[in-house]
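Descriptive structure summary
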Amino acid sequence: MPEKSSAAAEPSPPSALPVREGLMVSYVNPVPFRLSILGLAVQQGQPAPTRAIDLGQPCSLGLELAFSRPGALALVALEIPIVVTYYAESVGLAPCLTLGQVCFSMQAGELSYGNSLTQIQVCAHRFEPGLYKLKAVVRVGKPEIQPSLISGLIEGVVVEAYT
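Anyway, here's the lowdown on the structure attached to this text.

**With respect to the nonpolar core**
Ranked by size, the top nonpolar core spans 41 residues in total, and within it Leu65, Phe67, Val84, Tyr86, Leu99 and Phe127 carry the most contacts. Counting only elements with at least two residues in this core, the list comes to β1 (34-43), β3 (59-68), α1 (72-76), β4 (81-90), β5 (97-105), β7 (120-122), β8 (130-140) and β9 (150-162).

**Side note on the sheet that holds β4**
Within the open sheet, the five strands sit side by side as β2-β9-β8-β4-β5. Their pairing is mixed. The open sheet is flanked by β2 (52-54) and β5, the only strands paired with a single partner. Taken over all neighbouring pairs, the strand axes of this sheet differ in orientation by 30 degrees on average, direction set aside. When β4 meets β8, the two strands line up antiparallel, connected through nine bridges. Bridging from a neighbouring strand, valine 83 pairs with arginine 139 of β8.

**Looking at the state of the cysteines**
Throughout the structure, instances matching the rule amount to zero disulfides. The thiol of cysteine 59 is unpaired, and the distance to the nearest cysteine sulfur, on cysteine 123, comes to 8.7 Å. Cysteine 59 gets classed as buried once you look at its relative accessible area, which sits at 2%.

**What about the pairing of β9?**
Bridge count between β2 and β9: three bridges; the pairing is parallel. Residue alanine 52 lies in a different strand from β9, and its bridge partner there is glutamate 160. Pairing between β8 and β9: eleven bridges, direction antiparallel. Within β9, the residue paired with glycine 130 across the bridge is alanine 161.

**Description of the packing of aromatic side chains**
Following the criterion strictly, the structure yields three aromatic pairs and no others. Ring centres of phenylalanine 127 and tyrosine 132 lie 4.9 Å apart, and the angle between their planes is 75 degrees; on these two criteria the pair is classed as edge-to-face. Across the pair, tyrosine 132 and phenylalanine 127 agree in class, each one buried. Aromatic rings pair up to connect Phe67, Phe104 and Tyr113 into one cluster.

Basis of the calculations
Residues numbered from 1 in each chain as written. Predicted model: local features only at pLDDT ≥ 70, side-chain atom pairs only at ≥ 80, totals over all residues. Heavy atoms only, no water. Core = buried A, V, L, I, M, F, W, Y, C linked by side-chain atoms within 4.5 Å. Buried < 20%, exposed > 50% of the residue type's maximum accessible area, 1.4 Å probe, protein only. Helix = DSSP H or I, 4+ residues; strand = E, 2+ residues; numbered from the N terminus. Pairing = 2+ DSSP bridges. Axes fitted to C-alpha atoms, helices over the stretch in contact; angles between N-to-C directions. Disulfide = S-S within 2.5 Å. Phe/Tyr/Trp six-rings, centres within 6.5 Å; stacked < 30°, edge-to-face > 60°.

Here it is in structure tokens:
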């Protein structure tokens, strides 16, 4: 008689928890929360956002972060570091640029973080004339610990750098 395979008799491993859009389910932090990255914007010389960068003037980049869902208040109470890194991807032949980074910590009771914390100043002379797609990567968690608790990306703002 042929031998039966012992692998078929072993129980299958438990399946992973289901993940729904916008709901983070994890064994480390079973409390659901959401991070929204809003309003990546460029400002230069005036408070209103712009889509054109004068290479002779400095500019700033900023965005808004918002935490929501039932677990958000517990998460921000931990005062976890947040790192926002800004990039500009050329739509032509110019190289991709790392524009800068800002680091700050969550504050207990604060669910929203705006330009005052996320804004960086950029020397416009780093750009060459042309079109660029701006991006920002948000990482929530201590930099020395991998992977991050939460990470996200916002992109799509296209600006023109000119002389």
